[in-house]
Amino acid sequence: IGTPGKSNAFEISKRLGLPYEILNNAKNLIGDDTKNINKILAEIEEDKKEIEDKNKEIESYKREIAKIRNELKEKSKRLDQKEEDILRQAEDKANSILDKANKRSQDMLKEAKKMRNANTSDIDRSLNNIRNKYKEGRIEREGEGLYTKESKNAPESLKVGDTVLIAGLNEKAEVIEAPDKKGNIKVQMGILKMDSNIKNVSKIKGDNQTEKNIRKVYNTKKAMHISPTLDLRGQRYDEAMRNLDKYLDDAMLAGLSKAKIIHGKGTGALIKGVGEILEGDKRIEDYRFGDDKEGGYGVTIVKFG
């Protein structure tokens, strides 16, 4: 079936018992053309078998190549992961050394402030410089692949404005760039913008728009009644710290980007207290002493995150 074949009339006749003399006489009557055709057909059959064998061999090579390619991909992934792990460990080690050095320096300067005849202004200046250097030197991880992993409930599609939960981080984020052909997206998590992939997130129900509008109106009204300046001078230490903490809450709710905390120079107790509260407060993006026009070391300028 599919290709012509030579006639088997003589073989069949021989098996059926036709006398040899008749078969031999019939073969002699066959012309050269018929013999040549039979020969060509036999050669075609042999070529066909050889091609089929070669095809089988080629398919075997293809499977072997695909296997090697997959093994190389897996090996490359493992090497990339190993490299990332080494970098992560190095970054963690560097941050750990920096954290210890920063804490030790801060503790030494704070102890120095307690000494008699200590120059609190110079010490506060040094503390502020150390904080700034610490923030500049610390390695912050950003972007895709450092904290994310594949989501079990990855959505089929996303649009700008959708709220998602980032796998591995377990944090909510808003989609600010829709997926491209490869599924890559950009999300915003608080003040942080980061790249991710649709496979690394799960879609969740966003905040109720009415509640958002209510909060927006509330914050706008609150902003109209809150001053960008807080004066702590003349207050007892405990009272000043309570008022500062409450003020930071109100300022964040009101949407202030900056605030001015007036604590004066005095004995340095208020300066120290204000610095300790601001240092560990996640609401604060940055803070610094005022310049000459803003009030110098008697004032701290706060920038909200």
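About the cut-offs
- Residues numbered from 1 in each chain as written.
- Predicted model: local features only at pLDDT ≥ 70, side-chain atom pairs only at ≥ 80, totals over all residues.
- Heavy atoms only, no water.
- Helix = DSSP H or I, 4+ residues; strand = E, 2+ residues; numbered from the N terminus.
- Buried < 20%, exposed > 50% of the residue type's maximum accessible area, 1.4 Å probe, protein only.
- Contact = heavy atoms within 4.5 Å.
- Core = buried A, V, L, I, M, F, W, Y, C linked by side-chain atoms within 4.5 Å.
- Polar contact = N/O pair within 3.5 Å; in protein donor to acceptor, adjacent residues only side chain to side chain.
- Pairing = 2+ DSSP bridges.
- Phe/Tyr/Trp six-rings, centres within 6.5 Å; stacked < 30°, edge-to-face > 60°.
- Axes fitted to C-alpha atoms, helices over the stretch in contact; angles between N-to-C directions.
- Salt bridge = Lys/Arg side-chain N within 4 Å of Asp/Glu carboxyl O.
- Left-handed = near helix turned anticlockwise from the far one by under 90°.
- Nonpolar A, V, L, I, M, F, W, Y, C, P; charged D, E, K, R; others polar.
- pLDDT = per-residue confidence, 0-100.

**Student:** Go over the overall build of the protein with me, naming the residues and quoting the values.
**Tutor:** Along the backbone of the protein there are seven helices and nine strands. Residues classed as buried in the protein amount to 25% of the 305 residues present. Counting only contacts in the protein whose residues sit at least 6 apart along the sequence, the fraction spanning at least 24 positions is 57%.

**Student:** I'd like a rundown of the nonpolar core, residues and numbers included.
**Tutor:** Soluble globular proteins: nonpolar side chains tend toward being buried together. Membership of the largest hydrophobic core comes to 20 residues, with the highest contact counts inside it found for Leu232, Tyr247, Ile261 and Phe304. When residues of this core are traced back to their parent elements, those giving at least two are helix H6 (237-254), strand E7 (258-262), helix H7 (269-279), strand E8 (284-289) and strand E9 (299-304). Counting residues per element, this core draws most heavily on H6, which supplies seven residues. Apart from the residues within four sequence positions on either side, Leu232 is in contact with Ala240, Asn243, Leu244, Ile261, Ile262, Leu270 and Val274. Counting residues in hydrophobic clusters, the runner-up holds 11 residues, among them Leu158, Ile185, Ile198 and Val201.

**Student:** Give me the lowdown on the side chain of Asn197, citing residues and values where you can.
**Tutor:** Take Asn197: it is sitting in strand E4 (residues 192-197). Engagement of the side chain of Asn197 in a polar contact is seen with the backbone oxygen of Gly183, the distance being 3.4 Å. Of the polar contacts made by the side chain of Asn197, one reaches the backbone nitrogen of Lys199; its length is 3.0 Å.

**Student:** Run through the pairing of E9, naming residues and quoting values.
**Tutor:** Judged by how many residues are buried, E9 sits mostly within the fold: five of six residues are covered. Relative to E9, E7 runs antiparallel, the two being bridged by five bridges. Considered in E9, the bridge of Ile262 is made with Val299. Sheet topology places E8 next to E9; five bridges connect them, and they run antiparallel. Across the sheet, residue Ile284 finds its bridge partner in E9, namely Phe304.

**Student:** I'd like a rundown of the packing of aromatic side chains, residues and numbers included.
**Tutor:** Enumeration over the complete set of coordinates arrives at one aromatic pair. A centroid spacing of 5.0 Å and a plane angle of 70 degrees characterise the contact between Phe289 and Tyr297, whose relative ring orientation is edge-to-face.

**Student:** Mind laying out the sheet that holds E7, listing which residues take part and the relevant values?
**Tutor:** Note on sheets: strands pair through backbone hydrogen bonds, and any given pair is parallel or antiparallel. Within the open sheet, the four strands sit side by side as E6-E7-E9-E8. Their pairing is mixed. For this open sheet the edge positions go to strand E6 (229-231) and E8, each flanked by a neighbour on one side alone. Between one strand axis and the next, the sheet turns by 20 degrees as a mean value, whatever way the strands run. Of the strands in this sheet, E6, E7, E8 and E9 touch H6, which is tilted by about 170 degrees from E6.

**Student:** So what's going on with the pattern of salt bridges? Which residues, and what values?
**Tutor:** Pairing is possible between side chains that carry opposite charge, provided their charged atoms lie close to one another. Within the structure shown, the criterion is met by nine salt bridges. Of the charged contacts, one joins Lys203 and Asp162 as a salt bridge, the two residues approaching to 3.6 Å between their closest N and O atoms. Note that Lys203 is positioned in strand E5 (residues 201-204) and Asp162 in the loop between helix H4 (120-137) and strand E1 (163-166), a separation of 41 residues in sequence. Note on Asp162: relative accessible area 8%, which makes it buried. Here Arg233 and Asp231 are joined by a salt bridge, their closest N and O atoms 2.9 Å apart. Residue Arg233 is classed as exposed on the basis of its relative accessible area of 52%. The structure contains a network of salt bridges with shared partners spanning Lys159, Asp162 and Lys203.

**Student:** Report on the packing of H6 against H7, specifying residues and quantitative values.
**Tutor:** Relative to each other, H6 and H7 sit at 35 degrees, their axes nearing to 10 Å. Along this stretch, H6 crosses H7, giving a crossing that reads as right-handed. Contact with H6, carried on its side by Tyr237, Ala240, Met241, Leu244 and Leu248, involves Ala269, Leu270, Gly273, Val274, Glu276, Ile277 and Leu278 of H7 and no other residues of that element. Looking at the contact of H6 with H7 residue by residue, the class counts come to 10 nonpolar, one polar and one charged.

**Student:** Talk me through the environment of Asp281; I want residue IDs and the actual numbers.
**Tutor:** Relative to the helices and strands, Asp281 is located in the loop between H7 and E8. Judged by relative accessible area, Asp281 falls into the buried class, the value being 13%.

**Student:** Describe the confidence of the model for the protein, with residues and values.
**Tutor:** With 77% of its residues at a pLDDT of 70 or more, the protein has an overall mean of 78. Long-range and interchain partners of residues 142-147, a stretch whose pLDDT sits below 50, account for 17 contacts in this model, where long-range means more than four residues apart.

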